[in-house]
Amino acid sequence: MWTTDKDGILLALLASEITAVTGKTPSELYRGLVARYGEPAYARIDTAATREQKAALAKLSPDQITADRLAGEKITAVLTEAPGNGEPIGGLKVVTETGWFAARPSGTEDVYKLYAESFRGPGQLAAIQEEARAVVAAALG
């Protein structure tokens, strides 16, 4: 059973179980993941958008994305639907081998939210963010 008012205790028990089963602490396991995949850097930024641009962003299709590279890497996926259930995500997600961005219109402000992550650190994250804005601008016309 999961309870929100006692989840600190449950997470401590989970960490204890992870240590008991693997012989490594969660922080040791995390360092192993970083060594294997790289140090993640993540950020969300907002970009001004008109109501018309937000409506268009929510209805994009993958074929409207003409870019084939992002931050120096080949784009491996362009998604406007969730892979698990095929439901629309109300925006766009672009994926490379070591990074990604997603752009979704705000429901309350005249902006779109740009989420981005890199497994090569802050430098690549900044490049993804900059190029993502250009990809979105090109798709919106």
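Thresholds applied
- Residues numbered from 1 in each chain as written.
- Predicted model: local features only at pLDDT ≥ 70, side-chain atom pairs only at ≥ 80, totals over all residues.
- Heavy atoms only, no water.
- Helix = DSSP H or I, 4+ residues; strand = E, 2+ residues; numbered from the N terminus.
- Expected span 1.5 Å × (residues − 1).
- Phe/Tyr/Trp six-rings, centres within 6.5 Å; stacked < 30°, edge-to-face > 60°.
- Buried < 20%, exposed > 50% of the residue type's maximum accessible area, 1.4 Å probe, protein only.
- Lys NZ or Arg CZ within 6 Å of the ring centre and 35° of its normal.
- Core = buried A, V, L, I, M, F, W, Y, C linked by side-chain atoms within 4.5 Å.
- Contact = heavy atoms within 4.5 Å.
- Polar contact = N/O pair within 3.5 Å; in protein donor to acceptor, adjacent residues only side chain to side chain.

Engineer: Would you explain helix 2 (residues 26–37) in this entry?
Structural biologist: Each turn of an α-helix holds 3.6 residues, which means side chains three or four residues apart point in the same direction. Compared with an ideal rise of 1.5 Å per residue, which puts 12 residues at 16 Å, helix 2 spans 16 Å between its outermost C-alpha atoms and is within 8% of the ideal. One or two steps after helix 2, the chain reaches glycine 38, where phi turns positive at roughly 105°.

Engineer: Mind showing me how you'd approach the packing of aromatic side chains here?
Structural biologist: Counted by the stated rule, this structure contains 1 aromatic pair. Seen in terms of ring centroids, tyrosine 42 and tryptophan 100 are 6.5 Å apart; in terms of plane orientation they differ by 45°. Their pairing is tilted. Of this pair, tyrosine 42 sits in strand 1 (residues 41–48) while tryptophan 100 sits in strand 6 (residues 99–105), and the two are 58 residues apart along the sequence. Residue tyrosine 42 is classed as partly exposed on the basis of its relative accessible area, which comes to 48%. Judged by relative accessible area, which is 18%, tryptophan 100 ranks as buried. Cation over ring: lysine 93 sits above tryptophan 100, and NZ or CZ is 4.8 Å from the ring centre.

Engineer: I'm lost on the nonpolar core in this one. Help?
Structural biologist: Soluble globular proteins tend to pack their nonpolar side chains together in the buried interior. Of all hydrophobic cores here, the largest spans 21 residues; its most connected members are Leu92, Phe101, Ala103, Tyr112 and Val136. Those elements that provide at least two residues to this core are strand 5 (88–95), strand 6, strand 7 (111–118) and helix 4 (122–140). If you tally residues by element for this core, the top one is helix 4, at 6 residues. Once residues lying within four places of it in the same chain are set aside, the contact partners of phenylalanine 101 are Leu70, Leu92, Lys93, Val94, Leu114, Tyr115, Ala116, Ile128, Ala132, Val135 and Val136.

Engineer: Hey, could you run me through the side chain of glutamate 73 in this one?
Structural biologist: Along the polypeptide, glutamate 73 turns up in strand 3 (residues 73–74). The class for glutamate 73 is buried, based on a relative accessible area of 11%. Within the local environment of glutamate 73, its side chain forms a polar contact with the side chain of glutamine 124, the two groups lying 3.5 Å apart. Setting aside its immediate chain neighbours within four residues, glutamate 73 contacts Asp68, Thr96, Glu97, Thr98, Gly99, Arg120 and Gln124.

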